[in-house]
Number of protein chains: 2
Amino acid sequence: MIIPINIESKDSKSYNIHIEPLKKIKIDGKVAIVTNPTVSKFHLKKALESIEANDIEVIEVPDGEEYKNMDTVLSVLDRLFKAKFDRKSTLVALGGGVIGDMTGFCASLYQRGIDFIQMPTTLLAQVDASVGGKTGVNNSYGKNLIGAFYQPKGVYIDPLFLDTLPQREFSAGVAEVIKMAVMFDENFYNFLKEANLNNKEDVIKIIASSVKLKADVVNLDEKESGVRAVLNYGHTFGHVVENLTNYREYLHGEAVAIGMVMANELAVILNLLSQDEADDIRELLAKNSLPTNFEIEDIEEFYQHFFLDKKSQNNSIAFILPNGKIGTNIIKRDIPKEVVLEALYKFKAN
Amino acid sequence: MIIPINIESKDSKSYNIHIEPLKKIKIDGKVAIVTNPTVSKFHLKKALESIEANDIEVIEVPDGEEYKNMDTVLSVLDRLFKAKFDRKSTLVALGGGVIGDMTGFCASLYQRGIDFIQMPTTLLAQVDASVGGKTGVNNSYGKNLIGAFYQPKGVYIDPLFLDTLPQREFSAGVAEVIKMAVMFDENFYNFLKEANLNNKEDVIKIIASSVKLKADVVNLDEKESGVRAVLNYGHTFGHVVENLTNYREYLHGEAVAIGMVMANELAVILNLLSQDEADDIRELLAKNSLPTNFEIEDIEEFYQHFFLDKKSQNNSIAFILPNGKIGTNIIKRDIPKEVVLEALYKFKAN
């Protein structure tokens, strides 16, 4: 299945997202596959076989979010300069979101921009990170604070890559899929309840639906001033959960799952979601091995953590919530503190 | 005078170039003026007076091309994070091309892109660097090898800034002006021959014409795959001159002046320019205190230096030449080596 993406807003690039077992990809000029040792062990051979090019370098960077920084990016650029890459060269990001974000950023920087291709190997990267053109690295002040908006030349999503993905990481990807469904598409949500995630055809359908939904959002709002913020459903609360647990206890998708349950408590209080639907979403998350509980030690402290986030401009927190039912969304600012605290108390009590 | 710029090709941003003594500029959100001690001494006060904002930081970076590197960029970004700049903040580049290139690059990187304003203080930056959206830094492999295409929100060219510019730097800017005229506009070339550069009105006209010509080119070809290459007239030879003299002997514009004289020798041999016109251009350069001679020690060595340049893809050198007369241009590839050597011998003999 090939989904054409046309980012129309700010950058007229268009490209295709291929969702199918990898086929031959012909690339002119030099190619560097950027990956890490973990991914390389499972998938490098297949990637090398699929790429037809005269000159292919493999650049391995250390595995882990803690290496998603400028030092790693500069070391990759240095390898490219040493190997005399030019403006017609291409980078291939083979790995999860960290590899994709850093490789895209390297491509954007090298001689002011060369082509890059996404070859995402985790479900999370396949449904989320590979669409939208956000690239970048973390620094001591926070996540993704240095980067660029830069679109790939193409995205190749091979569902067979997922066969070696640990179950926990797969589930973390499902959390983002559920997020898309709750925000944008009730039919898709209902399909998710019936789908069999051990069946490749169902997985391909799920990836395709998520990618299409995300592409629509990105087309409307490439640079995240408006509707793109809706993709942060579950993230406002989830970031606090990640922060309070020092990014160690939960995978990002797991924290988002908890965050969605919290957001739904708030939505129920505000009459934006029925209790039945909130319970239904919680059940779907749990069925997919995602956490739906979190021990809030101090509710006031939890609340204060909202204001550490870079997205909280001018001390108003944007809460992304369903807007009456599953498949709809609204961005609520200026919800009174006591209402948010009430939702947190209710979450804690459950 | 206000010249509206609409970069239509790859990035739909449009902005205005103001060519007039600085007026009030109102900016919402935090502002950082990035400058260096040399420029700051002469112009910071005026810049601060013109900018209306609630919160203005001044960030000074060391003066000189040798500090145009990632270390300086990262130190500026660090200052911005410390001062809690957010996505609604604005950078102001107050200085020459180095400051403009680095500040624009910082703006492109900070939280994936914030606004920036160009306030160029040298003639070269006013006519050349402030239009086109090229930002970036040098590294050990060469100049401008890491960067981004990123457009400013506005450009404020105050011709009074030039009053403190050393004569030699002013002339270096004139070289790029003459380049634009020879490539694109015979009438403008003739005006340059008559103009009085001690007269502010003539200077404003010259800046405006150069900016308009460059904007036209950039609109046609933002990312330098086609016609934008024509802006490199004089640069193919000039870069070798800079390289052979370790970037110490000549200002960039001076090397470009020598490079244009060399290119014109080649154009005369290829019947693309009359000897009279070549002599006329040389005379105009000399009249503006620009060098038109260079002692080539080893012609073969000079020729080999073409192939060190990042723009020499696949070992074919692109020579940018007049195309029959002043005001026209052509990109010639595959000129036989012996013809280029002949031009260099002819240049050496003069």
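Residues numbered from 1 in each chain as written. Chains lettered and ligands numbered in written order. Predicted model: local features only at pLDDT ≥ 70, side-chain atom pairs only at ≥ 80, totals over all residues.

A.B. asks: Outline unusual backbone geometry, supporting the account with residue identities and numerical values.
C.D. replies: A positive phi is found at A:Asp334, a non-glycine position, where the angle reads about 60°. Under the C-beta neighbour-count criterion, A:Asp334 is labelled exposed, with 8 such atoms within 10 Å. Of note, B:Ser289 is a non-glycine position whose phi angle comes to about 60°, a positive value. Mapped onto the fold, B:Ser289 is located in the loop between helix H10 (275–287) and helix H11 (299–305). (Buried ≥ 20, exposed ≤ 12 C-beta atoms within 10 Å, placed from the backbone. Helix = DSSP H or I, 4+ residues; strand = E, 2+ residues; numbered from the N terminus.)

A.B. asks: Tell me about helix H7 (residues 200–220) of chain B, residues and numbers included.
C.D. replies: When the terminal C-alpha atoms of H7(B) are compared, their 30 Å separation across 21 residues agrees well with the 30 Å that a helix rising 1.5 Å per residue should span. Considered for burial, the residues of H7(B) that qualify are B:Val203, B:Ile206, B:Ile207, B:Ser209, B:Ser210, B:Val211, B:Leu213, B:Lys214, B:Val217 and B:Val218. (Expected span 1.5 Å × (residues − 1).)

A.B. asks: Can you break down the packing of helix H5 (residues 167–184) of chain B against helix H9 (residues 252–269) of chain B residue by residue, with the values?
C.D. replies: All names here are of chain B. Put simply, H5 and H9 touch, their axes get as near as 7 Å, and they point 40° apart. Taken as axis vectors, H5 and H9 run oblique relative to one another. Relative to H9, the crossing made by H5 is left-handed. Across from Ser 171, Ala 172, Gly 173, Ala 175, Glu 176 and Lys 179 in H5, the residues of H9 making contact are His 252, Gly 253, Glu 254, Val 256, Ala 257 and Met 260. Among the residues making up the contact of H5 with H9, the classes are represented as five nonpolar, four polar and three charged. (Axes fitted to C-alpha atoms, helices over the stretch in contact; angles between N-to-C directions. Parallel < 35°, antiparallel > 145°, perpendicular 65-115°, else oblique. Left-handed = near helix turned anticlockwise from the far one by under 90°. Contact = placed C-beta atoms within 7 Å. Nonpolar A, V, L, I, M, F, W, Y, C, P; charged D, E, K, R; others polar.)

A.B. asks: Lay out the pairing of strand S10 (residues 142–149) of chain A in plain terms, naming residues and giving numbers.
C.D. replies: Residue and element names in this part refer to chain A. Taken together, the five bridges between strand S9 (residues 134–139) and S10 define a ladder with antiparallel strand orientation. By the bridge assignment for S10, Val 137 is matched with Ile 146. Linkage of S9 to S10, two consecutive antiparallel strands, is achieved through a turn of two residues. (Pairing = 2+ DSSP bridges.)

A.B. asks: Describe the domain arrangement of chain A, listing the residues and the values that go with them.
C.D. replies: Taken domain by domain, chain A comprises domain 1 (2–164) and domain 2 (167–349). Summarising the inter-unit geometry, the C-alpha centres of domain 1 of chain A and domain 2 of chain A are found 27 Å apart. (Domains from an automatic or database assignment.)

A.B. asks: Lay out the pairing of strand S4 (residues 31–35) of chain A in plain terms, naming residues and giving numbers.
C.D. replies: All names here are of chain A. In terms of burial, S4 is largely enclosed, as five of its five residues are buried. Here S4 shows no split at all, with Val 31, Ile 33 and Thr 35 on one side and Ala 32 and Val 34 on the other all buried. Alignment of S4 against strand S6 (residues 56–60), held across five bridges, turns out to be parallel. Looking across to S6, one finds that Val 31 is bridged to Ile 56. Across four bridges, S4 lies against strand S7 (residues 90–95) in parallel orientation. Each residue of the ladder has a partner; that of Ile 33, found in S7, is Val 92.

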